[in-house]
Amino acid sequence: MLAPMSGVTDLPFRKLARRYDAGLVVSEMVASRELAHGRHAALLRTRGKNQSPFVIQLSGREAYWMGEGAKIAADLGAHIIDINMGCPAKKVTRGMSGSALMRDEDHALSLIEAVVKAVDVPVTLKMRMGWDHDSLNAPSLSIRAESAGIRMITIHGRTRCQFFKGAADWEFIAKVKAAVKVPVIANGDVRSAEDANRILRISGADGVMIGRGAYGRPWLPGHAGEFLRTGIDHGDIALSEQKALALEHYEEMLLHYGQETGLRVARKHLGWYVGNIIGLNDRSRQWLAILCRTDDPRQVKSTLADFYDQQLDMAA
Ligand SMILES: Cc1cc2nc3c(=O)[nH]c(=O)nc-3n(C[C@H](O)[C@H](O)[C@H](O)COP(=O)(O)O)c2cc1C
């Protein structure tokens with residue numbers, strides 16, 4: 001599965017991941033209160049044609065608004081609603097949303113119950129191991145969430161206080177797997193098909209969710225899934241295919257956001273596409289300086305094509 005990542009896994013990215021057979025792609029988190037107040041017209045744009053299943057991730061801290069947001073998400077066509085209890089960002093946890101909810105299980109439960117009651121579609125939950133290493137309550141919260149009707153649980157093997165530091169603890173995820181019957185999805189630091197295999201073996205989880213490993217490699221969740229099913233690891237797609245994909249992705253971002261915003265949003269993706277091939281060094285910095293300096297999309301596209309052509313020549 002492709003992990004939800006605000007500012008990264010927008011519709012253009014999710015479409016590419018699905019094309020390469022990612023099992024599930026999840027919308028970036030949407031604040032339930034804003035959604036309920038109709039301030040999320042943009043969400044209407046986040047559903048692609050034929051994007052099935054369509055998973056909307058909700059964040060929030062009040063049971064009432066979570067329920068209202070969930071109803072709207074279901075009306076917008078969500079097949080699954082995911083509740084975010086994993087986001088570590090200070091601006092989110094200060095408002096007692098995201099991973100801060102793990103600090104008060106009773107309150108977290110009231111949100112889960114409100115969402116489950118509000119909709120007929122399956123409701124899933126994404127969380128971390130706990131707030132910090134003194135409160136690793138993902139197993140106990142998972143048991144209560146399962147009783148409240150949660151149908152699948154994703155665990156990122158870090159605490160909130162770790163943010164993204166240290167290594168994800170894949171063994172800890174096994175404690176959640178042992179505690180519940182619903183499917184458990186393991187998440188954190190999976191960067192290859194082989195990692196996906198190892199996290200499953202170590203955690204005993206039912207599935208794998210890949211976030212940053214898919215930066216500039218939207219094919220990775222699908223390829224990892226195929227490796228798990230068949231033992232065949234296709235690795236990265238061919239350079240010529242990467243060229244076509246990067247150019248198409250760029251075009252789609254301009255269409256999705258409009259030229260001005262699209263140019264800006266695309267820059268991080270261009271950095272990942274270039275960096276994945278030649279690493280982060282003076283050479284990649286030179287390419288990125290050209291790619292990110294101009295406001296002319298035609299120049300960006302021709303420079304991007306030149307970049308790939310040069311790599312193809314060197315590989316020949
Ligand atoms: C830029 C960024 C944005 C993220 N946004 C979300 C989000 O909107 N909702 C969420 O549940 N997790 C979010 N996450 C966490 C990821 O879904 C995932 O749990 C985490 O990155 C660990 O997986 P990874 O090591 O494969 O990246 C975000 C992570 C990153 C790096």
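Described in the following lines is the structure provided in the data block. This structure is a prediction, so every number in the text was calculated from the model and none was measured. (Residues numbered from 1 in each chain as written. Predicted model: local features only at pLDDT ≥ 70, side-chain atom pairs only at ≥ 80, totals over all residues. Heavy atoms only, no water.)

**Some details on the overall build of the chain**
When its secondary structure is counted, the chain shows 14 helices and seven strands. Computed over the C-alpha atoms, the radius of gyration of the chain is 20 Å, within 12% of the 20 Å expected from 2.2 N^0.38 for a compact globule of 316 residues. With respect to the three principal axes, the spread of C-alpha positions in the chain is 60 × 45 × 35 Å. For the chain, the proportion of its 316 residues judged to be buried stands at 53%. Sequence separation of at least 24 residues holds for 67% of the intrachain contacts in the chain that already meet a minimum separation of 6. On the chain, the mean spot of the 41 positive side-chain charges and the mean spot of the 36 negative ones are 3 Å from each other. (Helix = DSSP H or I, 4+ residues; strand = E, 2+ residues; numbered from the N terminus. Rg over C-alpha atoms; globule rule 2.2 N^0.38 Å. Buried < 20%, exposed > 50% of the residue type's maximum accessible area, 1.4 Å probe, protein only. Contact = heavy atoms within 4.5 Å. Lys, Arg positive; Asp, Glu negative; His and termini not counted. Charge placed at Lys NZ, Arg CZ, Asp CG, Glu CD.)

**Topic: the layout of surface pockets**
If you add up the space inside the largest pocket, you get close to 500 Å³. Taken together, the residues of the lining of the largest pocket break down into 13 nonpolar, nine polar and six charged. (1 Å grid on protein atoms, 1.4 Å probe; cavity = no way out; pocket = protein on both sides within 12 Å on 5 of 7 lines; lining within 4 Å. Points joined across faces, edges and corners; volume = space filled by probe spheres on them. Nonpolar A, V, L, I, M, F, W, Y, C, P; charged D, E, K, R; others polar.)

**Let's talk about the sheet that holds strand S1 (residues 26-31)**
Taken in spatial order, the seven strands line up as S1-S2-S3-S4-S5-S6-S7 in an open sheet, and their pairing is parallel. In this open sheet, the two edge strands, each paired with only one partner strand, are S1 and strand S7 (207-209). When strand polarity is set aside, the average angle formed by the axes of neighbouring strands in this sheet is 30°. In the sheet, strand S3 (residues 80-85) pairs with strand S4 (residues 123-130) via five bridges, with the strands oriented parallel. Bridged to Ile-83 within S4 is Leu-125. Lying on the sheet, helix H8 (residues 170-179) is in contact with S4, strand S5 (153-159) and strand S6 (184-187); it crosses S6 at an angle near 170°. (Pairing = 2+ DSSP bridges. Axes fitted to C-alpha atoms, helices over the stretch in contact; angles between N-to-C directions.)

**Observations regarding the site of the ligand**
Within the structure, the ligand sits among 17 residues, and Pro-4, Gln-57, Asn-187, Asp-189 and Arg-212 are positioned closest to it. Here Gly-211 contributes a backbone N or O atom positioned 2.8 Å from an oxygen atom of the ligand. Look at the ligand: alone it shows 610 Å² of surface, and the protein chains cover 89% of it. Because more than half of its atoms lie within 2 Å of the grid, the ligand is assigned to the largest pocket. Here the residues of the shell around the ligand are counted per class, giving seven nonpolar, seven polar and three charged. (Near = heavy atom within 4 Å. Polar contact = N/O pair within 3.5 Å; in protein donor to acceptor, adjacent residues only side chain to side chain. Areas by Shrake-Rupley, 256 points an atom, 1.4 Å probe, with all protein chains shown as cover. Sits in = over half its atoms within 2 Å of the grid points.)

**Regarding the packing of aromatic side chains**
Applying the stated criterion across every chain, the model contains four aromatic pairs. Where Tyr-215 meets Trp-272, the ring centres are 3.7 Å apart and the plane angle is 15°; that geometry is what we call stacked. Residue Tyr-215 is located in the loop between S7 and helix H10 (220-230), and its partner Trp-272 is located in helix H12 (residues 259-278); the two are separated by 57 residues in the primary sequence. Cluster of aromatic residues (ring-pair linked, three or more members): Trp-287, Phe-307 and Tyr-308. Above the ring of Phe-164, the side-chain terminus of Arg-128 is found at 5.2 Å from the ring centroid. (Phe/Tyr/Trp six-rings, centres within 6.5 Å; stacked < 30°, edge-to-face > 60°. Lys NZ or Arg CZ within 6 Å of the ring centre and 35° of its normal.)

**Section: the pairing of S4**
Along any regular strand, the residues point their side chains to alternate faces of the sheet. Counted residue by residue, S4 has eight buried out of eight residues, so it is predominantly covered. Examined bridge by bridge, S4 and S5 share five bridges and lie parallel to one another. Across the sheet, residue Leu-125 finds its bridge partner in S5, namely Ile-153.

**A short note on the environment of Leu-141**
Among the secondary structure elements, Leu-141 is positioned in helix H7 (residues 138-147). The sequence separation of Leu-141 and Glu-105 amounts to 36 residues, and the corresponding C-alpha distance is 6.4 Å. When near neighbours in sequence (up to four residues on either side) are disregarded, Leu-141 contacts Met-85, Met-102, Glu-105, Ala-108, Leu-109 and Met-127.

**Notes on the side chain of His-156**
Residue position: His-156 is located in strand S5. The contact partners of His-156, leaving out residues within four places of it in the chain, are Met-127, Arg-128, Met-129, Phe-163, Phe-164, Asn-187 and Gly-188.

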